[in-house]
Amino acid sequence: MTDDDFAGGRLTIDLGALADNWRTLAALSPASECAAVVKADAYGTGLDRAAAALAAAGAKTFFVAHLSEARVVRAAAPEAVVYVLNGLPRGAALAYAEVGVRPVLGSREEIAEWAGFIAASGANPAAAIHIDTGMTRLGLEPAEAAELMRGGGFGFRPALLMSHLACADEPERPETERQRSAFAGLRALLPDAPASLANSAGTLLSRTAGGDLAFDLRRPGVALYGSNPVAGRPAPLKPVVRLEARVIQTRDAAAGTAVGYGGVETLARPSRLAILSIGYADGILRAGGSEDGAPGAAAYVGDVRCPYVGRISMDLIAIDVTDAPASVGRGSWVEILGDHFGVDDLGRACGTIGYEVLTGLSRRYQRLYLG
Ligand SMILES: *Cc1c(COP(=O)(O)O)cnc(C)c1O
């Protein structure tokens, strides 16, 4: 036994499902390479394990946010091409070149620093250029990018031209086609460079009325981990994370009893409650709690839905197990995330998205890997 055996939560990460999701997404547009976005500890699933599983499934190109993450991918998948989305911090060029990872350059300053490093070092490490076609976040302005491309003005040959979709999770929005067509026009100025536009939502949509979103390389992230970014449109993805919480104690309480901090929920019927050994400090956002007239998230015991009762505490959650088998008691495990209630369901119940549920998964959970 180790302390892990007494953890309040047990997180099972199915690397086989992760690999299957990558293969499913790759097959949607077979002519376009399918990369894997593994920033934020592979969306909370564990970067080293996820990167190794994705590489074994066939992924050759990875995107992270930071150099520290790129090092982990480099160690887990030595052959991988690794891009760092958050660009080039001042003075970092030598470190990027030494690790053999590629910055995604999104401003004239970053491009000048990279070109200066190449000129001074005589090496020719690869980098991507990010063009902003409507996100207003990172990347060159379209006119700036066009000027640099027409004039051969980067000082090196970009290994990838990329842009990022702002609204593809809402398929009816016209912005996605506007971004696609702006990006297609710009990449035509440098037709030899591979081009990349699609995130998970763009990969699942695969095209707009105006044309294909896949280009040469797609960059799905969240869909790999089983979350569907396009609400209301079923996607062929398998759940990757399963989370169970340990019951510490059960108690019976009369109708009218107030439960938890603030007493914001009063029981409508005589109830049996189970107190779980996880809370908002484990990434179960407090907004998922329940109060009179405003129900929150739900756990499951087998097929029985067991709603959260009252506010979520830092390390504890109360659920209603009145309808669950009487065997639920100290030491039982209940499902927090799984086939009945997935990351997108918990996200919705907390007023947020599956991304935030995944990236908030606690370091305190016992972690088990399948596959
Ligand atoms: C995070 C990110 C992705 C992946 O987005 P998902 O919605 O998780 O698929 C792709 N490209 C860029 C630039 C990103 O920042």
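Look a little higher up for the structure.
Presented here is a report on the structure given in the accompanying data block. In this text, all values refer to a predicted model and were calculated from it rather than measured experimentally.

## Section: the overall build of the protein
Step number 1: Within the protein, the regular secondary structure consists of eleven helices and 21 strands.
Step number 2: Judged by the C-alpha coordinates and their principal axes, the protein covers about 75 × 45 × 35 Å.
Step number 3: With 371 residues in all, the protein has 53% of them scored as buried.
Step number 4: Pairs at least 24 apart in sequence give 66% of the contacts found in the protein among residues at least 6 apart.
Step number 5: For the protein, the computed accessible surface area is about 16,100 Å², with 52% contributed by carbon and sulfur atoms.
Step number 6: Each charge class in the protein can be summarised by its mean position, and for the 35 positive and 41 negative side chains these summaries are 2 Å apart.

## Focus: the site of the ligand
Step number 1: Not every one of the 14 residues close to the ligand is listed here, only the nearest: Lys39, Tyr43, Ser200, Gly221 and Tyr355.
Step number 2: Tyr43 places a polar side-chain atom, nitrogen or oxygen, 2.6 Å from an oxygen atom of the ligand.
Step number 3: A distance of 3.0 Å separates a nitrogen atom of the ligand from a polar atom in the side chain of Arg219.
Step number 4: Notes on the ligand: free accessible area 390 Å², of which the protein chains cover 92%.

## Points about the packing of aromatic side chains
Step number 1: Taken as a whole, this structure holds six aromatic pairs when the rule is applied.
Step number 2: Ring plane angle 20 degrees and centroid distance 4.7 Å describe the contact between Tyr43 and Tyr225, whose orientation is recorded as stacked. Placement of Tyr43 in helix α2 (residues 39-43) and of Tyr225 in the loop between β12 (217-218) and β13 (241-253) is noted, with a sequence separation of 182 residues between them.
Step number 3: The class for Tyr43 is buried, based on a relative accessible area of 6%.
Step number 4: Each ring, one from Trp114 and one from Phe117, has its centre 5.9 Å from the other, and the planes form 35 degrees; the classification is tilted. In this pair, Trp114 and Phe117 both sit in helix α6 (residues 108-121), three residues apart, roughly one turn of the helix. For the residue pair Trp114 and Phe117, the accessibility class agrees, reading buried in each case.
Step number 5: Taken together, the ring pairs connect Tyr43, Tyr225 and Tyr355 into an aromatic cluster.
Step number 6: When the ring centre of Tyr369 is taken as origin, the NZ or CZ atom of Arg49, which lies over that ring, is 4.5 Å away.

## A look at the pattern of salt bridges
Step number 1: If you walk through the whole model with that rule in mind, you get 17 salt bridges.
Step number 2: For Glu244, the salt bridge is made with Arg10, and the minimal N-O distance between the two is 3.2 Å. Of this pair, Glu244 sits in strand β13 while Arg10 sits in strand β1 (residues 9-14), placing them 234 residues apart in sequence.
Step number 3: Classification of Glu244 by relative accessible area gives buried; the value is 11%.
Step number 4: Linking Arg364 and Asp315 is a salt bridge whose minimum nitrogen-to-oxygen distance equals 2.7 Å. Of this pair, Arg364 sits in the loop between α11 (354-359) and β21 (366-370) while Asp315 sits in the loop between β18 (304-309) and β19 (317-320), placing them 49 residues apart in sequence.
Step number 5: Look at Arg364 and you get partly exposed, because its relative accessible area is 46%.
Step number 6: For Asp315, a relative accessible area of 33% translates into the label partly exposed.
Step number 7: Among the charged side chains, a salt-bridge network with shared partners connects Arg10, Arg242, Glu244 and Glu335.

Reading guide: rules and limits
- Starting afresh in each chain, residues are numbered from 1 along the sequence in its written order.
- Side-chain atom pairs in this predicted model are given and counted only at pLDDT of 80 or more, local residue features only at pLDDT of at least 70, and totals for whole chains, interfaces and linings cover all residues.
- By convention in this description, side-chain values take in all heavy atoms of the structure and omit both hydrogens and water.
- A run of H or I in DSSP becomes a helix once it reaches four residues, and a run of E becomes a strand once it reaches two; helices and strands are each numbered from the N terminus.
- To sort residues, take the accessible area from a 1.4 Å probe on protein chains only and compare it with the maximum for the residue type: under 20% means buried, over 50% means exposed, and anything in between is partly exposed.
- Residues count as neighbours in contact if any of their non-hydrogen atoms are within 4.5 Å of one another.
- Surface accessibility in these figures is a Shrake-Rupley result with a 1.4 Å probe; residues are shielded only by whichever protein chains are displayed.
- The charge count treats Lys and Arg as positive and Asp and Glu as negative. His and the chain ends do not count.
- One atom stands in for each charge, and that atom is NZ of Lys, CZ of Arg, CG of Asp or CD of Glu.
- Residue proximity to a molecule or strand is established when one non-hydrogen atom of the residue lies within 4 Å of it.
- N or O atoms closer than or at 3.5 Å make up a polar contact, with two conditions inside protein: a donor-capable atom paired with an acceptor-capable one, and, for residues adjacent in sequence, both atoms drawn from side chains.
- Working definition: a ring pair exists when centres of Phe, Tyr or Trp rings (six-membered ring for Trp) sit within 6.5 Å. Plane angles under 30 degrees give stacked, over 60 give edge-to-face, the rest tilted.
- As a reminder, the over-ring test applies to NZ of lysine and CZ of arginine, requiring each to be within 6 Å of the ring centre and within 35 degrees of the ring normal.
- Each salt bridge in this description consists of a side-chain nitrogen of Lys or Arg and a carboxyl oxygen of Asp or Glu lying within 4 Å of one another.

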